[in-house]
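# Examination of the molecular architecture
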Amino acid sequence: MKGDRAIGAGLLAILAVGLAAAVQASPEPARRSLSPQALGGQRIAQRNCGICHAVDARPSPLADAPPFATLYRRYPPGGLDQILTEGMLAPSRPPEEGSPDHHPRMPMVELDDDEVAQLKAYLRSLDPRPRAEPREGAF
């Protein structure tokens, strides 16, 4: 009986050591793969925004610049266009009076329609909120 307990304890110890080694050796959890369009948007964000904002999992270089992963908290579902126009995108046409609305510390960036679509795809990929399904008959 005593020998059986020692063998069981030894096997349990080997199992625990093997499990600990496997956990340490495993890579970090797999991240969602990005669509080609969202991947292009991530590169645009890194190039134009990465000096201040965290575009990946690291903290933002500028302490009060929100990481891209949390930007969805700053706008309601469907409000992505609003945050982009208030934040960084130069208007396609200048306003008739005054200057365009934007965050005072954000540089205005000119992107073509494809680049804007890519940036939006990337930001949508970071938003964990469920997307509303289009209503039947809605255009």
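So, how was this worked out
- Residues numbered from 1 in each chain as written.
- Predicted model: local features only at pLDDT ≥ 70, side-chain atom pairs only at ≥ 80, totals over all residues.
- Heavy atoms only, no water.
- Axes fitted to C-alpha atoms, helices over the stretch in contact; angles between N-to-C directions.
- Helix = DSSP H or I, 4+ residues; strand = E, 2+ residues; numbered from the N terminus.
- Parallel < 35°, antiparallel > 145°, perpendicular 65-115°, else oblique.
- Left-handed = near helix turned anticlockwise from the far one by under 90°.
- Contact = heavy atoms within 4.5 Å.
- Nonpolar A, V, L, I, M, F, W, Y, C, P; charged D, E, K, R; others polar.
- Expected span 1.5 Å × (residues − 1).
- Buried < 20%, exposed > 50% of the residue type's maximum accessible area, 1.4 Å probe, protein only.
- Arc of directions from axis to C-beta.
- Polar contact = N/O pair within 3.5 Å; in protein donor to acceptor, adjacent residues only side chain to side chain.
- Core = buried A, V, L, I, M, F, W, Y, C linked by side-chain atoms within 4.5 Å.
- pLDDT = per-residue confidence, 0-100.

## Description of the packing of helix α3 (residues 80–87) against helix α4 (residues 113–126)
Where α3 contacts α4, the two axes come as close as 11 Å, and the packing angle between them is 120 degrees. Here α4 runs oblique to α3, going by the angle between their axes. Seen from above, α3 lies across α4 with right-handed handedness. When α3 is examined against α4, the residues Leu80, Asp81 and Leu84 are found in contact with a partner set consisting of Leu119, Lys120, Leu123 and Arg124. Broken down by class, the residue content of the contact of α3 with α4 amounts to four nonpolar, no polar and three charged.

## Observations concerning helix α2 (residues 36–49)
For α2, built from 14 residues, the straight-helix expectation of 20 Å at 1.5 Å per residue is met to within 8% by its first-to-last C-alpha distance of 19 Å. Every buried residue of α2 is listed here: Ala38, Gly40, Gly41, Ile44, Ala45 and Cys49. Mapping the buried residues of α2 onto a view down its axis gives an arc of 155 degrees, with all of them on the same face. With respect to the buried face of α2, the exposed residues turned more than 90 degrees away are Pro36 and Arg47. Here the buried face of α2 lies against α4.

## A look at the environment of Asn48
In this fold, Asn48 is placed in helix α2. Separated by 59 residues in sequence, Asn48 and Pro107 have C-alpha atoms that sit 9.0 Å apart. Non-local contacts of Asn48, meaning those with residues more than four positions away in its chain, are made with Val109 and Leu111.

## Some words on the environment of Arg129
By secondary structure assignment, the location of Arg129 is in the segment after α4. Sequence spacing of Arg129 and Tyr72 is 57 residues, and the spatial spacing of their C-alpha atoms is 8.5 Å. In this structure, Arg129 is in contact with Tyr72, Tyr75, Pro76 and Pro77, ignoring residues within four places of it in sequence. Here the side chain of Arg129 touches Tyr72 through a polar contact of 3.2 Å, landing on its backbone oxygen. Within the local environment of Arg129, its side chain forms a polar contact with the backbone oxygen of Tyr75, the two atoms lying 2.9 Å apart.

## Some remarks on the nonpolar core
Counting residues in each nonpolar core, the largest one holds 21 residues, and the members touching the most others are Phe68, Leu84, Met88, Leu111, Leu119 and Leu123. Among the secondary structure elements, those contributing two or more residues to this core are α2, α3 and α4. Per-element tally for this core: the top contributor is α4, with five residues. Those residues in contact with Leu111 that lie beyond four places of it in its chain are Ile44, Asn48, Met88, Leu89, Val116 and Leu119.

## Describing the confidence of the model for the protein
Per-residue confidence for the protein gives a mean pLDDT of 74, with 60% of residues at or over 70. Element-level mean pLDDT values for the protein span from 48 in helix α1 (residues 2–25) up to 95 in α2. Below a pLDDT of 50 lies the segment residues 8–13, which in the model reaches zero contacts outside its immediate sequence neighbourhood of four places, other chains included.

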